Amino acid sequence: MYSATCEAPVNMALVKYWGKRNEELILPINDSISMTLDANEMSAKTTVAASESFKQNRMWLNGEVVPFEDNARLMRCLEGVQRLALANGGLKFPLSWKLHIASYNNFPTAAGLASSAAGYACLVYTLARLYEIPMNEQLTTIARQGSGSACRSLHGGFVQWHRGIADDGSDSIAEQLVTAEHWPNMHMLILVVNDARKKTGSTKGMQSAVETSTLIQHRATTIVPQRIKELRTAIQARDFKTFAELTMRDSNQLHAIALDTYPPCVYMNEVSHAIVNFVHDYNESVGEVKAAYTFDAGPNGCLYVLAENVAPLLAAIQVAFPNDAQQSVEYLKGIPVPPV
Ligand code: 2P0
C-alpha cells in the first residue's frame, strides 16, 4: 500500500470570483485575489491510500461515506492528476489500483466558510504527493475543476486566480503574488453569524447571476480588471487603507450583483449588515481605516485587521455585539488574542 497525507487551508477572497464562462471546466468571467490562512487555522486534512487489495474507490468526508465515482468534479480532479502522473513516468504502482480517500475539515463544513476550496485543494495536492508529482502550475488548473476557489488554496499568502483566455482552461491558473511573510501582521477574524447551510449555494447563485444580472458583465469587464491592479499595488506596498477600501467595495459589489440576480439571492442578513455598519463607524471613530470586512455567499463576516489593532477592535466588537441568543456574533478562530 502507498499513502500520502496533506493539509490545505481555507482562502478568503478580497476581489471575488463570481460567475463562470464555462461550467464544466470551471472557467471564471473575471480574475480574483485572495488571502490564504495558515494551515493550523481552518484547513482540510486528507489521506489518500492506494492498494492492490482495494476493490473499489471509496471516500469519507468527516467520517461519513460520500459518493466517489458519481462525483464528476472529484473524478475530473483524479483523472487530471493521473494524467500528469503518466506524463511524468516512473510510477511506483499501477494507476489501476483503487483509492481510499479520507478527508476532515477542522471547522464546520456547513458554515459556508470556504470548505470546498480547502477540500479540493487538499485532495489534488495529496493525490499529487501520492503519485510523486511536484507542486506546479498545472495542479492549480486541476484543483480549479473541483471548485473554482480551490485553485487559490494551493498557494499561501496572497494569490491571484487569472481568468485566462484559452478555451481549454490551460491558462486559468492561480499565482502566488507574495508569501504570507510579506505582510506578517495581516490577520483575519471570522464573525460567525449563522452556521446553517445556505439556501442558494455559490455554484447555483453565480450561474443565475450570469444568466439574469444586468450588472455582472460590467463588473467583470470594467470594474474588476482595474480593481485587481489597484489591489496588487496595495498589497505590494502594504497599504492597509487602500487594501481595506478595495476589499469592502468588492464585497459590497458581490452582494449588489446577488441582489440584481433575478430572483435575487440574499446572502447577508441583518447581523451581517450590522457588522458592515459597525466597521465603518469604528473606522470613523478611530479616525483611520483600521478594519475591513468581506462577506462571501453567506452571512458570516470576515474582518481584516493588522495585529496591533486586533485587541481594540475585538473589545469594540464585544460591546457592539453582546453574545445573546438573538444576535450571536462569535469570535471563532484566528490568532492568539492579546489581553484587552
Ligand atoms: C470567492 N466564492 O472568490 C467567491 C466569493 C464565494 C463568494 O468562490 O462553483 O465554491 O465550486 O467554482 O468556488 C465560492 O464558489 O464555486 C466562491 P464553484 P466555489 O471565493
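In this text, all values refer to a predicted model and were calculated from it rather than measured experimentally.

### Quick look at the domain arrangement of the protein
Per the domain assignment, the segments making up the protein are domain 1 (2–180) and domain 2 (186–331). Between the C-alpha centres of domain 1 and domain 2 the distance comes to 25 Å. Residue-level contacts link 24 residues of domain 1 with 28 residues of domain 2. Within the residue set of the side of domain 1 that touches domain 2, elements represented by two or more residues are strand 2 (11–15), strand 5 (32–36), strand 10 (158–161) and strand 11 (174–178). The greatest single-element share of the side of domain 1 that touches domain 2, amounting to 4 residues, is contributed by strand 2.

### Regarding the packing of helix 1 (residues 72–88) against helix 3 (residues 137–144)
In a packed pair of helices, the relevant descriptors are the angle between the two axes and the axis-to-axis distance. Close contact between helix 1 and helix 3 brings their axes to 8 Å; oriented N to C, the two are set at 160 degrees. It follows from the interaxial angle that helix 1 and helix 3 lie roughly antiparallel. Pair helix 1 / helix 3 crosses with right-handed handedness. On helix 3, the residues touching Cys 77, Gly 80, Val 81 and Leu 84 of helix 1 are Gln 138, Ile 142 and Ala 143. For the contact of helix 1 with helix 3, the per-class residue count stands at 5 nonpolar, 2 polar and no charged.

### Things to note about helix 5 (residues 216–236)
Over its 21 residues, helix 5 runs 28 Å from end to end, which matches the ideal 30 Å to within 8%, given 1.5 Å per residue. Maximal helix bending in helix 5 amounts to about 45 degrees, located at Ile 223; proline Pro 225 follows within four positions. Taken together, the buried positions of helix 5 are occupied by Ile 216, Arg 219, Ala 220, Val 224, Arg 227, Ile 228, Leu 231 and Ile 235. Where helix 5 is buried, its residues meet strand 2, strand 5, strand 10, strand 11, helix 4 (202–212) and helix 6 (240–260). Immediately downstream of helix 5, the backbone of Arg 238 shows phi near 50 degrees, a positive value.

### Observations regarding helix 3
Most of helix 3 is tucked away: 6 of the 8 residues are buried. Within the span of helix 3, buried status applies to Leu 139, Thr 140, Thr 141, Ile 142, Ala 143 and Arg 144. In this structure, the buried residues of helix 3 make contact with helix 1, helix 2 (115–130) and strand 11.

### Considerations on unusual backbone geometry
The peptide bond linking Tyr 262 to Pro 263 adopts the cis configuration, its omega dihedral lying at -5 degrees. You can see Pro 263 is positioned in the loop between helix 6 and helix 7 (270–286). For Asn 62, which is not glycine, the phi torsion reads 50 degrees and is therefore positive. Within the secondary structure, Asn 62 sits in the loop between strand 7 (58–61) and strand 8 (64–66). Its identity is not glycine, yet Glu 132 carries a phi of approximately 55 degrees, on the positive side. Secondary-structure assignment places Glu 132 in the loop between helix 2 and helix 3.

### Some remarks on the sheet that holds strand 1 (residues 2–9)
The strand order across the open sheet formed by 5 strands is 1-6-9-7-8, and the pairing between neighbours is mixed. Each of the sheet's edge strands pairs with one partner strand only, and the pair in question is strand 1 and strand 8. With strand direction ignored, the average angle separating the axes of adjacent strands in the sheet is 20 degrees. As defined by bridge partners, strand 1 adjoins strand 6 (residues 43–51) across 8 bridges and the pair is classed as antiparallel. By the bridge assignment, Cys 6 is partnered in strand 6 with Thr 46. Sheet strands in contact with helix 2 are strand 1, strand 6 and strand 9 (98–105), and its direction is about 145 degrees off that of strand 1.

### Comments concerning the site of the ligand
In the region of the ligand, 15 residues are neighbours, and Ala 13, Tyr 17, Ser 147, Gly 148 and Ser 149 sit closest. For the shell around the ligand, the elements supplying multiple residues, two or more each, are helix 2 and helix 4. Its residues assigned to classes, the shell around the ligand shows 6 nonpolar, 7 polar and 2 charged. Of the residues that make up the shell around the ligand, three or more belong to each of domain 1 (2–180) and domain 2 (186–331).

### Quick look at the nonpolar core
Soluble, globular proteins show a tendency: their nonpolar side chains are buried together. Among the nonpolar cores identified, the biggest contains 88 residues, and Ala 121, Val 124, Ala 143 and Leu 303 are the most heavily contacted of them. Domain assignment of the residues forming this core places at least three in each of domain 1 (2–180) and domain 2 (186–331). In this structure, Ala 143 is in contact with Cys 77, Tyr 120, Ala 121, Val 124, Ala 150, Cys 151 and Leu 154, ignoring residues within four places of it in sequence.

### Focus: the sheet that holds strand 11
The strand order across the open sheet formed by 4 strands is 2-5-10-11, and the pairing between neighbours is antiparallel. This sheet does not close on itself; its edge strands, each paired only once, are strand 2 and strand 11. Between one strand axis and the next, the sheet turns by 35 degrees as a mean value, whatever way the strands run. Set on the sheet, helix 5 makes contact with strand 2, strand 5, strand 10 and strand 11; between it and strand 2 the angle comes to about 115 degrees.

What counts, and at which threshold
Residues numbered from 1 in each chain as written. Predicted model: local features only at pLDDT ≥ 70, side-chain atom pairs only at ≥ 80, totals over all residues. Domains from an automatic or database assignment. Contact = placed C-beta atoms within 7 Å. Helix = DSSP H or I, 4+ residues; strand = E, 2+ residues; numbered from the N terminus. Axes fitted to C-alpha atoms, helices over the stretch in contact; angles between N-to-C directions. Parallel < 35°, antiparallel > 145°, perpendicular 65-115°, else oblique. Left-handed = near helix turned anticlockwise from the far one by under 90°. Nonpolar A, V, L, I, M, F, W, Y, C, P; charged D, E, K, R; others polar. Expected span 1.5 Å × (residues − 1). Bend = angle between axes of the 7 residues up to and from the residue. Buried ≥ 20, exposed ≤ 12 C-beta atoms within 10 Å, placed from the backbone. Pairing = 2+ DSSP bridges. Near = placed C-beta within 6 Å. Core = buried A, V, L, I, M, F, W, Y, C linked by C-beta atoms within 7 Å.

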